[in-house]
Amino acid sequence: MMNESVLLLLGWSFCFATYGYIFFYAHDSGEGELPVMVLPMVAGIIFENWRLSRNWKAIQIKLLVALLGSLFAFAYGKGEVVYDFERHLSFWPFFFIFLFVMYSVFFHEDRSVVGMGKGVTLLQTTALIYLLIEREWYAMLTGMWAILLVVVGIFTAFTLYRAFSKRKLADQQRLALSLWSSLIMLIFSADLIYRVLISTPSEPFLSTNGLLAALQFFLLGVSSIYILRNLQMLAIYLPHDGHFYGGTHRAIIKKLNKLHIARYSKSLLPTVDAVILLLLALLLYSLNYFYAFLPDYTLIWTVFWISPLLISLRRKHAKS
């Protein structure tokens, strides 16, 4: 029986030969080209897989399986009479990335359920408010949008109240805040994926704007594992074929409720930390709104990354 190293070598050899031919044909025939920004996004997914497992062989297996599975993107479609290679090539990156992220979530099922707390929810809520103002979503006050804005207002007030409150969270409050955090990430992911789909980068890759766009795609890759996991943690609440709030469906929801509650910390957020997080977010988002020094999502992910570091430094300084 062949060992893993030999199987990996055979798999990579097949992929290099197959994709080498596909990309050479695309370049030689001029029938479509791959978006350059796929590379930083895949790099982000690989980076987060490495951070979660430190297992390079497992990462190779997931990447290889995604590459092999995504070859089906080049198969004839149902009812397709004349084969449109360019259309298949343009669809392939999204199919490949979806498979890679899906396998990553399956492999890191427990680790992809990120622990939450009041500080994280506060940062997510301020980021959502920033996007509402930046994109002028607040102007859409009709139908379901009006209802959504009311929901955002209620949960924003609730998040701010709980961030500065010294009362311990009840289980139902932890469940509500966990669902709210998941919903925010779902809004972010839907908006960002939509922008990726419609974007046609015209800036050179090595220009300042090109590098900022690459950073944004890299951060999207890093967060994609958690985006899909959050989507899974919300989708189960919706009625669908085979599950329409029957006994089995309610049992699954009850189990998922426990997971949401378990991942949300009971710990109180020190008032000084809440003030630092809120002021930092308001300052950076306000400056970016007026001066646009970074793309919105690049700034949002940057705030998410640097805020815990600042809080950690403050606490270390307070102890010393």
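Above this text is the structure in question.
Criteria and thresholds
- Residues numbered from 1 in each chain as written.
- Predicted model: local features only at pLDDT ≥ 70, side-chain atom pairs only at ≥ 80, totals over all residues.
- Heavy atoms only, no water.
- Helix = DSSP H or I, 4+ residues; strand = E, 2+ residues; numbered from the N terminus.
- Buried < 20%, exposed > 50% of the residue type's maximum accessible area, 1.4 Å probe, protein only.
- Contact = heavy atoms within 4.5 Å.
- Expected span 1.5 Å × (residues − 1).
- Arc of directions from axis to C-beta.
- 1 Å grid on protein atoms, 1.4 Å probe; cavity = no way out; pocket = protein on both sides within 12 Å on 5 of 7 lines; lining within 4 Å.
- Points joined across faces, edges and corners; volume = space filled by probe spheres on them.
- Nonpolar A, V, L, I, M, F, W, Y, C, P; charged D, E, K, R; others polar.
- Polar contact = N/O pair within 3.5 Å; in protein donor to acceptor, adjacent residues only side chain to side chain.
- Axes fitted to C-alpha atoms, helices over the stretch in contact; angles between N-to-C directions.
- Parallel < 35°, antiparallel > 145°, perpendicular 65-115°, else oblique.

Visitor: Looking at this structure, how should I read the overall build of the protein?
Guide: Within the protein, the regular secondary structure consists of 11 helices and zero strands. Ordering the α and β elements of the protein from the N terminus gives α-α-α-α-α-α-α-α-α-α-α. For the protein, buried positions account for 41% of its 320 residues. Across the protein, contacts joining residues at least 24 apart in sequence account for 76% of those joining residues at least 6 apart.

Visitor: Would you take a moment to explain helix α9 (residues 247-263) for this structure?
Guide: One turn of the α-helix equals 3.6 residues, which is why residues spaced by three or four share an orientation. For α9, with 17 residues, the first-to-last C-alpha span of 25 Å sits near the 24 Å given by 1.5 Å per residue. Along α9, the positions that sit buried rather than exposed are H249, I253, L256, H260, I261 and R263. For α9, the arc enclosing every buried residue in end-on projection is 160°, short of the 170-degree limit, so these residues lie on one face. Turned more than 90 degrees away from the buried face of α9 sit T248, K254, K255, K258 and A262, all of them exposed.

Visitor: Explanation requested: empty space enclosed by the protein in the structure shown.
Guide: Unoccupied space between atoms shows up once a probe the size of one water molecule is rolled over them. For the coordinates displayed, the defined rule picks out one cavity of 30 Å³ or more. In this structure, the largest cavity encloses a volume near 30 Å³. Around the largest cavity sit K118, T121, T159, R162, A163, L177 and Y264, which together line it. Of all the secondary structure elements, the ones that give two or more residues to the lining of the largest cavity are α5 (118-134) and α6 (143-164). At three residues, α6 tops the list of elements feeding residues into the lining of the largest cavity. Grouping the constituent residues of the lining of the largest cavity by class yields three nonpolar, two polar and two charged.

Visitor: Any chance you could explain the side chain of T159 here in plain terms?
Guide: Mapped onto the elements, T159 comes out in helix α6. For T159, a relative accessible area of 3% corresponds to the buried category. Within polar-contact distance, the side chain of T159 engages the backbone oxygen of F155 at 2.7 Å. Among all residues touching T159, those that are not within four sequence positions of it are T121, L122, T125, L177 and W180.

Visitor: Just to check I follow, could you spell out the packing of α6 against helix α10 (residues 271-291) for this structure?
Guide: A pair of packed helices can be characterised by two numbers: the angle between their axes and the separation between those axes. With their axes 8 Å apart at the nearest point, α6 and α10 run at an angle of 140° to one another. In this view, α6 runs oblique relative to α10, as classed from their interaxial angle. Across the interface between the two elements, L160, A163 and F164 from α6 touch T271, A274, V275 and L278 from α10. Each residue belonging to the contact of α6 with α10 can be placed in one class, and the counts come to six nonpolar, one polar and no charged.

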